Amino acid sequence: MTVAFRHNQSLELNRVEYHGSVTLAELEALADFQAANPRWLSYDCLNLIMPGADFGKVDFAALDEIFKKYRVLFEPLHFVIVRRSAWICQSPAARPHLHHWISDRDTREGMSSDLRQFDSFADAGAWLVLTHDQTTMLQRGDDFDEVVAFSIPAQAAQAAAR
């Protein structure tokens with residue numbers, strides 16, 4: 001499993017985990033899943049790039065196209081408060097892609113979202129307005145039920161496109 005989407009009902013919070021060598025097909029599958037299931041879009045989210053994860057096979061132009069998909073998803077939604085999307089990157093190899101994803105993007109207007117990167121769960125939890133105990137749950141992944149997971153090797157995605 002490379003990309004896992006989880007949800008904690010009591011915290012009303014999503015957690016997306018990125019493991020291993022993440023492919024463009026997996027990122028697209030996640031965006032497509034959320035488009036087909038918009039109920040998950042209104043929740044705050046912690047995006048966690050796990051140690052050893054990388055996006056090396058995904059070029060920045062492809063990331064930009066996925067971001068455009070998310071903009072289309074979020075534009076018609078009008079949240080009472082801004083949706084928060086916290087990012088923690090535990091993999092040096094993934095940092096350039098994360099920086100590209102969150103830098104210089106206007107997400108508050110039109111997407112009602114705020115994206116921020118954090119170095120620690122404590123900082124992310126504070127920004128997500130979680131208590132210390134809730135932040136501990138977030139860090140450990142306690143009570144986050146898997147909603148969907150994607151594991152699509154780059155070779156399989158290329159073969160399917162032919």
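Higher on the page you've got the structure.
Structural notes, computed from the coordinates.

About the cut-offs
Residues numbered from 1 in each chain as written. Predicted model: local features only at pLDDT ≥ 70, side-chain atom pairs only at ≥ 80, totals over all residues. Heavy atoms only, no water. Helix = DSSP H or I, 4+ residues; strand = E, 2+ residues; numbered from the N terminus. Buried < 20%, exposed > 50% of the residue type's maximum accessible area, 1.4 Å probe, protein only. Contact = heavy atoms within 4.5 Å. Areas by Shrake-Rupley, 256 points an atom, 1.4 Å probe, with all protein chains shown as cover. Core = buried A, V, L, I, M, F, W, Y, C linked by side-chain atoms within 4.5 Å. Pairing = 2+ DSSP bridges. Right-handed = clockwise from strand over helix to strand, strands pointing away. Expected span 1.5 Å × (residues − 1).

**Here we look at the overall build of the chain**
Tallying secondary structure elements over the chain gives seven helices and six strands in all. Starting at the N terminus and ending at the C terminus, the chain contains elements arranged as β-β-α-β-α-β-α-α-β-α-α-β-α. In the chain, which comprises 162 residues, the share counted as buried stands at 49%. Contacts spanning at least 24 positions in sequence make up 80% of the contacts within the chain whose residues lie at least 6 apart. When the accessible surface of the chain is totalled, it reaches about 8300 Å², and 52% of it is carbon and sulfur.

**Some details on the nonpolar core**
Ranked by internal contacts, the top residues of the largest apolar core, which has 33 residues, are Y18, L27, L30, I49, F55, W87 and W101. Mapped onto this core, the elements with two or more residues apiece are strand 1 (3-8), strand 2 (13-18), helix 1 (24-36), strand 3 (44-49), helix 2 (60-74), strand 4 (83-89), helix 3 (95-102) and strand 6 (145-150). Here this core gets six residues from one element, more than from any other, and that element is helix 2. Once you skip the residues sitting within four places of it in the chain, W101 turns out to touch L63, I66, F67, Y70, W87 and L115. If you look at the next biggest cluster of nonpolar residues, it comprises 16 residues, including I88, L130, M137 and L138.

**A few points about unusual backbone geometry**
At V129, a residue that is not glycine, the phi angle is positive and equals roughly 65 degrees. Tracing the chain through its elements places V129 in the loop between helix 5 (121-127) and helix 6 (132-140).

**Focus: the environment of G125**
Within the fold, G125 resides in helix 5. When its relative accessible area of 0% is taken as the criterion, G125 is described as buried. With 14 residues separating them in the primary sequence, G125 and Q139 have C-alpha atoms 8.9 Å apart.

**Overview of the pairing of strand 2**
A large share of strand 2 lies buried, amounting to six of its six residues. Burial along strand 2 is two-sided: the face carrying L13, R15 and E17 and the face carrying N14, V16 and Y18 are both buried. Across six bridges, the pairing between strand 1 and strand 2 is antiparallel. The residue bridging N8 from the neighbouring strand is L13, located in strand 2. Where strand 1 folds back on strand 2, the antiparallel hairpin that results is connected by four residues, among which E12 adopts a positive phi of roughly 50 degrees. Bridging between strand 2 and strand 3 involves six bridges; their strand directions are parallel. Considered in strand 3, the bridge of V16 is made with N47. Handedness of the β-α-β unit built from strand 2, helix 1 and strand 3 comes out right-handed.

**Comments concerning helix 1**
Because each turn of an α-helix spans 3.6 residues, side chains separated by three or four positions end up pointing in the same direction. An ideal rise of 1.5 Å per residue puts 18 Å on 13 residues; helix 1 measures up with 18 Å between its terminal C-alpha atoms. Regarding helix 1, the residues found buried are A25, E26, L27, A29, L30, A31, F33 and Q34.

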